[in-house]
Amino acid sequence: MKKDLSRHPNPQFERENWVSLNGSWDFGFLRAKRNHKFMNEKQVSLFYKKADTKYKINVPFCMESTLSGIGCTDFIQTVWYQKQVSISDFERVFIHIGAADYKTTLLVNGKIVGSHMGGYTSFSFEITDFVSKGNNEIFIICEDDTRNSLIPSGKQSERKNSYGCCYTRTTGIWQNVYIEYAPKNYIKSFKIYPDINQKNVTVEFALNGKENLLCTAVYEGKVVGTASVNNASGNMLLQIPLDEIHLWQLGEGNIYDLEISFGNDKIKSYFGMRSIQLDGYRFLLNGKSVFQRLVLDQGYYRKGIYTAENDDELIRDIELSMALGFNGARLHQKVFDPRFLYFCDLKGYMVWGEYANWGIDYSNPKMLAIFIKEWTEALERDFNHPSIIGWCPFNETWDYKKRKQYDPLISTVYDFTKAYDTTRPCIDTSGNFHTKTDIYDVHDYRFDTEKFKASFDRLMSDNELYEHVLLDNPGRQKYGGEPVFVSEYGGIKWETDKKYKSWGYGKDVTTETEFLARYEGLTTALLSNSRMMGFCYTQLYDVEQEQNGLYTYDREEKFSRKIYDQIRKINMRIAEIEKQQ
């Protein structure tokens, strides 16, 4: 199955001249050995000369997936890809890789172009000096070691098989690969700042060379704003006054197209007009109190693992969530495909931008340099998405082999995130152990609905927050009056897939009546709390053996239609904090 090659992989930065490299590549792989060390430049050159591509793989699907045509789920140390690519007339040529796990080295016509470290973010190489018009050989090597404590691996299992809430590994390329042609002078990047009060949008550019710059904002085919500057260069700001303001809001993306020209470089993008802020205990969207009714989305697919088979799969997850009355999602332990975020933008669907931090040693100061690099790439790539309403770089930083987390790692990443993006809130580490955060979020999988409600009611009566991490680990974190967000709860196990030895949080229920009573009791406790800004239910769909989803792994219904109707009614109830306008 090929992904649709006519749709640009990154609608936020769509250059006119591009060519998809998805599809069939020659392929080879080596099974993993313990204590694997990444190859240096000399070793890469020797490896390239000896590499034997025995297989065919369907890019961008990882080799563990059935869609790749390989389906090998063993521990893999090294994978490599080879393809003949025809290059047209050009001034500049770039190759883009949406994501590849973990160290990726690119060779073009036998020469090393460069390497990238990181398994979750997009990167590119300029290959202008390495190619000529006509056929050229592209050779890509990816090295990975899920069991290395300096490599973030998210929910990928460090054991041979999946278990608990850890799933099948993803090795090598798992997002779109494409060639892009650009003129000599070109746009390197830009950040978009909407201002609904001043009725304008400011674009911050990084430019290569000097050309005339023109920006045009278009809403539903009508030009609603323009701005230009002659002989633009370097880093600069361009403000576009808007004739019409259409707010990005829940269920209504109201997206503006943004057309940019810099000399001969033409870019298509888009933006949404919205504001977000924290006010006391409230989260405000466009100045109005909004309760975050979120659901946990792991971004896994049975056939593609990390990679959706097509756009329909991406859209379906958003629509399933919205149909149940959720208004957004935590995009959990993964940096999601830009096209998924594009559909979130279009549909007015809130999401938290997160990262796949599990697998690393939080006690090791060396992790700061490793983590910051890829986290910066995630912030840069996804900054312009209006659907992203907050950042959360870490999740559940449990101590590593009984060694306490290195607190400066967490707090420094928080400080960096806030310096890079002054427009969004940041949760330092979801669940534990907080060091410095805009929102105090809690993971609570208790099933006794009365005790669950009573503990959070203490927020209203005594300004106290029950926090099992604090109680079990005195002094590790402290509630300081921040807005409160129960960012994981529920996880009610309901087994449907007999292929796996199912797993879920706590005791599973046996009847739909029991399930609904528990769901309603837990969710209503949060909606009725005047100090609660949101919840995130675990989770939207099953993933392999973790069967606590509201849908199956294949996104089929697990319950009767009556239950889904009731879930929607419960979720759509007006929250107490929304009455505080």
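Refer to the structure printed above.
Just so we're clear, the structure is a prediction, and the values are computed from it rather than from any experiment.

Chemist: Provide a residue-level description of helix α6 (residues 449-462), including the pertinent values.
Modeler: An α-helical segment advances 3.6 residues per turn. Residues three or four places apart therefore align on the same side. Helix length check: α6 (14 residues) gives 20 Å between terminal C-alpha atoms against 20 Å at 1.5 Å per residue, within 8%. F456 marks where α6 bends most, by close to 30°. Taken together, the buried positions of α6 are occupied by F452, S455, F456, D457 and L459. Buried residues along α6 sit against β28 (440-444), β29 (484-490), α8 (512-527) and β30 (532-538). Measuring from the side-chain oxygen of the N-cap residue of α6 to the backbone nitrogen of E450 gives 3.2 Å; that N-cap residue is D448. Directly after α6, the chain includes N463, whose backbone phi takes a positive value near 55°.

Chemist: So what's going on with the nonpolar core? Which residues, and what values?
Modeler: Among the nonpolar cores identified, the biggest contains 87 residues, and Y489, F515, Y519 and I567 are the most heavily contacted of them. In terms of residue count, the dominant contributor to this core is α8 (7 residues).

Chemist: So what about the pattern of salt bridges? Which residues, and what values?
Modeler: Applying the stated rule across the entire model yields 33 salt bridges. Linking R15 and D265 is a salt bridge whose minimum nitrogen-to-oxygen distance equals 2.8 Å. Here R15 is found in strand β1 (residues 14-15), whereas its partner D265 is found in strand β18 (residues 265-271), with 250 residues between them in sequence. Of the two residues, R15 and D265, both sit in the buried class. Sharing partners across several salt bridges, the network here consists of R7, D311 and R339.

Chemist: Which residues make up the pairing of strand β5 (residues 76-87), and what values go with them?
Modeler: Buried residues dominate β5, accounting for 10 of its 12 residues. As paired elements, strand β3 (residues 23-31) and β5 share 6 bridges and run antiparallel to each other. In the strand pairing of β5, F27 is matched with Y81.

Chemist: I'd like a description of empty space enclosed by the protein, backed by residues and values.
Modeler: Considering all chains together, one arrives at 4 cavities of 30 Å³ or more under this definition. There is about 80 Å³ of room inside the second largest cavity. Together, 14 residues line the second largest cavity, and V335, F336, G353, E354 and D382 are the ones closest to its centre. Listing elements by their share of the lining of the second largest cavity, those giving two or more residues are β24 (350-354), α4 (367-382) and β25 (388-392).

Chemist: I'd like a description of the environment of S411, backed by residues and values.
Modeler: By the secondary structure assignment, S411 is in helix α5 (residues 407-420). Taking relative accessible area as the criterion, S411 reaches 16% and is therefore assigned buried. In sequence terms S411 and T435 are 24 residues apart; their C-alpha atoms lie 5.8 Å from each other.

Chemist: Now, about the sheet that holds β25: what can you tell me, with residues and values included?
Modeler: In spatial order, the strands read β25-β24-β23-β22-β30-β29-β28; together these 7 strands make up an open sheet with parallel pairing. What marks the edges here is a single partner per strand, and that holds for β25 and β28. Taking each pair of neighbouring strands and ignoring which way they run, the sheet shows an average axis angle of 25°. Examined bridge by bridge, β24 and β25 share 4 bridges and lie parallel to one another. Counterpart to V351 in the pairing with β25 is I388.

Chemist: Before we move on, could you go through the packing of aromatic side chains and cite the residues and values that matter?
Modeler: Under the counting rule described, the total for this entry stands at 49 aromatic pairs. Taking 6.2 Å as the distance between ring centres and 75° as the angle between the ring planes, the aromatic pair formed by Y355 and W375 counts as edge-to-face. In this pair, Y355 sits in the loop between β24 and α4 while W375 sits in helix α4, placing the two residues 20 residues apart along the sequence. Positioned over the ring face of F383 is R424, at 5.3 Å from the centre of the ring.

About the criteria used
Residues numbered from 1 in each chain as written. Predicted model: local features only at pLDDT ≥ 70, side-chain atom pairs only at ≥ 80, totals over all residues. Heavy atoms only, no water. Helix = DSSP H or I, 4+ residues; strand = E, 2+ residues; numbered from the N terminus. Expected span 1.5 Å × (residues − 1). Bend = angle between axes of the 7 residues up to and from the residue. Buried < 20%, exposed > 50% of the residue type's maximum accessible area, 1.4 Å probe, protein only. Contact = heavy atoms within 4.5 Å. Polar contact = N/O pair within 3.5 Å; in protein donor to acceptor, adjacent residues only side chain to side chain. Core = buried A, V, L, I, M, F, W, Y, C linked by side-chain atoms within 4.5 Å. Salt bridge = Lys/Arg side-chain N within 4 Å of Asp/Glu carboxyl O. Pairing = 2+ DSSP bridges. 1 Å grid on protein atoms, 1.4 Å probe; cavity = no way out; pocket = protein on both sides within 12 Å on 5 of 7 lines; lining within 4 Å. Points joined across faces, edges and corners; volume = space filled by probe spheres on them. Axes fitted to C-alpha atoms, helices over the stretch in contact; angles between N-to-C directions. Phe/Tyr/Trp six-rings, centres within 6.5 Å; stacked < 30°, edge-to-face > 60°. Lys NZ or Arg CZ within 6 Å of the ring centre and 35° of its normal.

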